[in-house]
Structures are given as structure tokens and as C-alpha cells.
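Close look at the chain arrangement
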Amino acid sequence: MPYVADTFIAQIDTDSGSPETIALAGDIIRQGGLVAFPTETVYGLGANAFDEAAINRIFEAKQRPANDPIIVHIAIPENIFAVARDVPDVAATLAQIFWPGPLTLILKKNDAIPGNVTANRDTVAVRIPNHPVALSLLRTAGVPIGAPSANRFSRPSPTRAEHVLNDLAGSVDVVLDSGNTPIGVESTIIDLTSPRPRLLRPGGTSLEALREHLPDIDYQPQYIADNQSAPAPGSLLKHYAPQAAVTLYEGERRATIARMHEVASEQIAKGQKVGLLLSDADIGHFEDLHVEIATLGDSESTSAARLYQALRELDTTGADVILARAPRSTGLGLAIRDRLIRAAEGRLVTVE
Ligand code: TXA
Ligand code: MG
């Protein structure tokens, strides 16, 4: 069996679901260990959500600040009551429509959940992931699993097992490898404890789909610089950041491409290594330049699925700067745009 730095990497067979491996991973969870597993969004770094010491290991492995709470994953909707209290009716409705799936609900926490899971807040984040490996792990472990994305803090989230190993080899007991995660950006988070439901993080479930059931849902994007104190969870501007400095461009397509071409040429002339994050349709406009190109395909869903891999790929090339076009704020585009703005630490140029 392959090991990297004391981390066991287990390939999960798509047809059989590798039940022996899942059983072993379930044991590791119950014994207080850490298991990285695929979800439909990104890979998660999981521990028994009832085990305070195991949850502490997650914070250590990720080098994650203790004030950033963790999402609790459950196997069936009824398990909500094992982690939350005073659950509003709307939570049951949303669970029925969107679970299993990329939607996380913030609810009042109950006493069974240790304080470190929720960063000592009185609310807890809950979801049922829509991935066969995640679901069979949850059922086999028999406990809710607390799991943030399985990357080191402030690195792009992992969409492949190799990303988990690059960031966390040696700090996680086993990585369940079942290839690329299909959606590629994290779950949408909504707060159901405020008077009006609030979207805290756009993600794999679109705001448009949520509005059909929550017409009064509120969304105020928050991008808060590192040096400001006590930001709301997940609102840090510098998140999902690659090593290279990312700049986003938006505006009319031709003009935007022309500006990006001009900036890339200037950077190259200055001796900078330039990386471009491009849709298939835009690549042809940059073929005359000596640049590294990562492609996002030609749809919102391929862009989401490839985004983090593309950022990691451009980093590996040693790019000093990365230029990208900001997508529209609709559908999955809202989540992609949010992650790119964070990766760019807010550098968004509007081309007139
Ligand atoms: O798709 C996902 O949600 C993935 C997979 C593994 O499920 N998980 C994930 O976890 O993205 P993480 O920890 O990388 O992001 C969770 C976000 C954090 O920004 C955290 O601050 C927020 O959820 N969060 C967790 N509990 C919260 C709470 N009680 N109140 C407000 N925000 C919360
Ligand atoms: Mg994360």
C-alpha cells in the first residue's frame, strides 16, 4: 500500500466503492484520526465532530486559526438534530430540496458539538455532501464528520488527492483518492439564524436556485484585509491565494483581452514570468506571447471544476504574476468570481 510521509493513500474503486478501505477509514475517524476524503465540491480533511482532540488535530494540520469554524458533515437529514437545536422549518425544506448537495446551513449549535468545531460560536455549519465516497464514509464512521477543505490555510482548496498530499502529507492518516472532485468550488453557505437568511459564501448551489425558496435571502459580499481584527468567518480577503500575484480584468471582451495582452507583454519585457488563466475561446489571442497558460474550458462548470487546479498549476510553473478575466456574477460564476477576487486580494481592473 502506498505511503507518503506516513500518510496512506487509498485509491477508491468507482464500481465497488472499496468497502474494506472505507471500513478502515471509518475506524480511523472513530479512533480520533484524520481522513481526507472527496466530496462533490473539494476534498475535506475529516475528524469525528464529537471528538475535541481529533478536531484540534485538524487545526494543527492545516495551520488554521482557531477562530475559523468547521463544517459538520452528516449522512442523513435526521442527523441535524445530533448537532443542532431549535432547527427552523425552512432548514428541513432546504434540506429536502438541496441535500445531498453543495449547500451548508448555519443553525444553532447543540451541546454535543465541542466548542473548537464552531470556534466557540453558538452556531454550527451543517451539510450532507453529494459524493458516494463521502456518504459511505459518513455511514460507516457512524458519527458526524467535521471537515474543512483539505488544504493548508490560505492555499487553493484541493480538487485532487495530490493537492491534499502536497499540502498535508504526514499530517493526515489516510487520503481516500477518487480523482477530481466534480464541482470544484466549495459549498454555498447560508445563515438561517439571522432574522433574514444570509448568504455567507457563494458556492456550488446558485443564489438564483436559493432565491426560488428563500425570496428574501440577503447577500453582502465581504472582503476583509488580513490586518483587520475579528472578521466574520470566511471573509478574509487573502484566501485561496496562489504564490503569484493575481490580477483580474473585466469589461467588454475584445477590449479586456487587448488590455490583458498589453499588460502581459509589459510584464514579460520587465523579465516577469506571466501566467494566464483563460477560457478556451480566449487562448488564440495570446499565442504570440511567451506565457504559461492554464485553461478553464468553455463553460461555468468546467471553469469551477478546473479553477483551483489551474491556480496550483500556474504556481508550479513559477509564474510571478497571473492575469485572468473575471466571470459574470450569475450561477456558478458568482462563486468563481468570489474565489478569484480573493486569490487576487481584491485587484480587479475594469477595462473601459
Ligand atoms: O464544500 C465545502 O463546504 C467543503 C467540503 C469539504 O465540505 N468544506 C469547506 O470547509 O469549504 P472550509 O472550512 O474550508 O470552509 C468553511 C467555511 C469557513 O469559511 C468557515 O468560516 C465557515 O464555513 N463556517 C463554518 N462554521 C461557521 C459558523 N458557525 N458560522 C459562520 N461561518 C461558519
Ligand atoms: Mg477552506
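The strand order S15-S14-S16-S13-S17 describes an open sheet built from five strands, whose pairing is parallel. The sheet is open, and its two borders are formed by strand S15 (292–295) and strand S17 (348–351), each paired with just one other strand. Each adjacent strand pair in this sheet contributes to an overall mean axis angle of 25°, direction not counted. In this structure, strand S14 (residues 274–278) lies alongside S15, joined through four bridges in parallel fashion. Each bridged residue has a counterpart across the sheet, and for glycine 275 the counterpart in S15 is glutamate 292. Contacting strand S13 (245–251), S14, strand S16 (321–325) and S17, helix H8 (residues 253–269) crosses the sheet at an angle of about 175° to S16.

This paragraph deals with the pairing of S13. Of the strand pairs in this sheet, S13 and S16 are connected by five bridges, and their pairing is parallel. Bridging from a neighbouring strand, valine 246 pairs with isoleucine 322 of S16. With four bridges joining them, S13 and S17 adopt parallel strand pairing. If you follow glycine 251 over to S17, its bridge partner there is valine 351.

Turning our attention to the domain arrangement of the protein chain. Each assigned domain of the protein chain is listed with its residue range as follows: domain 1 (8–219) and domain 2 (245–351). Computed from C-alpha coordinates alone, the two centres of domain 1 and domain 2 are separated by 29 Å. Across the contact, 25 residues belong to domain 1 and 15 residues belong to domain 2. Of the roughly 1,500 Å² buried at the junction of domain 1 and domain 2 (both faces included), carbon and sulfur atoms supply 53%.

To continue, consider the environment of arginine 253. Summarising the element assignment, arginine 253 is placed in helix H8. Taking C-alpha positions, arginine 253 is 34 Å from glycine 179, a pair spaced 74 residues apart along the chain. Residues contacting arginine 253, with those up to four places away along its chain left out, are Ala281, Asp282, His285 and Arg325. A polar atom in the side chain of arginine 253 sits 3.3 Å from the backbone oxygen of alanine 281.

Before going further, it helps to examine the pairing of strand S8 (residues 123–127). For S8, the tally of buried residues reaches five of five residues, placing the bulk of the element in the interior. Across the two faces of S8 the burial is the same, with Thr123, Ala125 and Arg127 and Val124 and Val126 all buried. In terms of strand pairing, strand S5 (residues 71–73) meets S8 through three bridges, oriented parallel. Note on S8: the bridge partner recorded for valine 72 is valine 126. In this sheet, S8 lies alongside strand S7 (residues 103–109) in antiparallel orientation, the contact comprising four bridges.

Here the second largest pocket is characterised by a volume of approximately 510 Å³. Looking at the second largest pocket, it is lined by 22 residues, and the ones nearest its centre are Ser279, Arg325, Ala326, Pro327 and Arg328. Elements with a minimum of two residues in the lining of the second largest pocket: S13, S14, helix H9 (280–283), helix H10 (300–316) and helix H11 (333–343). Looking at the lining of the second largest pocket residue by residue, the classes come out as nine nonpolar, five polar and eight charged.

To continue, consider the confidence of the model for the protein chain. Considering every residue of the protein chain, the mean pLDDT works out to 94; 95% of them sit at 70 or more. Mean pLDDT across the secondary structure elements of the protein chain bottoms out at strand S1 (residues 3–4), with 72, and peaks at S5, with 99.

To continue, consider the nonpolar core. Judged by nonpolar contacts, the single largest core of 48 residues is most densely connected at Leu45, Leu94, Trp99, Leu103, Leu105, Leu107 and Ile190. When residues in this core are grouped by element, the largest group, five residues, is from helix H2 (residues 52–62). Grouped together as the second largest cluster of nonpolar side chains are 26 residues, Leu277, Leu296, Leu307 and Leu340 included.

The subject of this paragraph is the packing of helix H1 (residues 19–30) against helix H5 (residues 132–141). H5 packs onto H1 with a crossing angle of 55° between their chain directions and a minimal axis gap of 8 Å. Taken together, H1 and H5 sit at an angle that is classed as oblique. The crossing of H1 and H5 is right-handed. Where H1 abuts H5, its residues Ile22, Ala23, Ala25, Gly26, Ile29 and Arg30 lie against Val133, Ser136, Leu137, Thr140 and Ala141. Considering only residue class, the contact of H1 with H5 consists of seven nonpolar, three polar and one charged.

Let's shift gears to the site of ligand 1. Taken together, 24 residues lie near ligand 1, and Thr41, Asp68, His73, Ser149 and Ser187 sit nearest. Between an oxygen atom of ligand 1 and a side-chain N or O atom of histidine 73, the distance comes to 2.6 Å. Within the side chain of serine 187, an N or O atom sits 2.5 Å from an oxygen atom of ligand 1. Out of a free accessible area of 680 Å², ligand 1 has 96% covered by protein chains. Counting residues per element, the ones that place at least two in the shell around ligand 1 are S5, S8 and strand S12 (198–201). Considering every element that reaches the shell around ligand 1, the biggest residue donor is S8, with four residues. Among the residues making up the shell around ligand 1, the classes are represented as twelve nonpolar, seven polar and five charged.

What counts and what doesn't
- Residues numbered from 1 in each chain as written.
- Chains lettered and ligands numbered in written order.
- Predicted model: local features only at pLDDT ≥ 70, side-chain atom pairs only at ≥ 80, totals over all residues.
- Heavy atoms only, no water.
- Pairing = 2+ DSSP bridges.
- Helix = DSSP H or I, 4+ residues; strand = E, 2+ residues; numbered from the N terminus.
- Axes fitted to C-alpha atoms, helices over the stretch in contact; angles between N-to-C directions.
- Contact = heavy atoms within 4.5 Å.
- Domains from an automatic or database assignment.
- Buried area = accessible area lost by both parts, 1.4 Å probe.
- Polar contact = N/O pair within 3.5 Å; in protein donor to acceptor, adjacent residues only side chain to side chain.
- Buried < 20%, exposed > 50% of the residue type's maximum accessible area, 1.4 Å probe, protein only.
- 1 Å grid on protein atoms, 1.4 Å probe; cavity = no way out; pocket = protein on both sides within 12 Å on 5 of 7 lines; lining within 4 Å.
- Points joined across faces, edges and corners; volume = space filled by probe spheres on them.
- Nonpolar A, V, L, I, M, F, W, Y, C, P; charged D, E, K, R; others polar.
- pLDDT = per-residue confidence, 0-100.
- Core = buried A, V, L, I, M, F, W, Y, C linked by side-chain atoms within 4.5 Å.
- Parallel < 35°, antiparallel > 145°, perpendicular 65-115°, else oblique.
- Left-handed = near helix turned anticlockwise from the far one by under 90°.
- Near = heavy atom within 4 Å.
- Areas by Shrake-Rupley, 256 points an atom, 1.4 Å probe, with all protein chains shown as cover.

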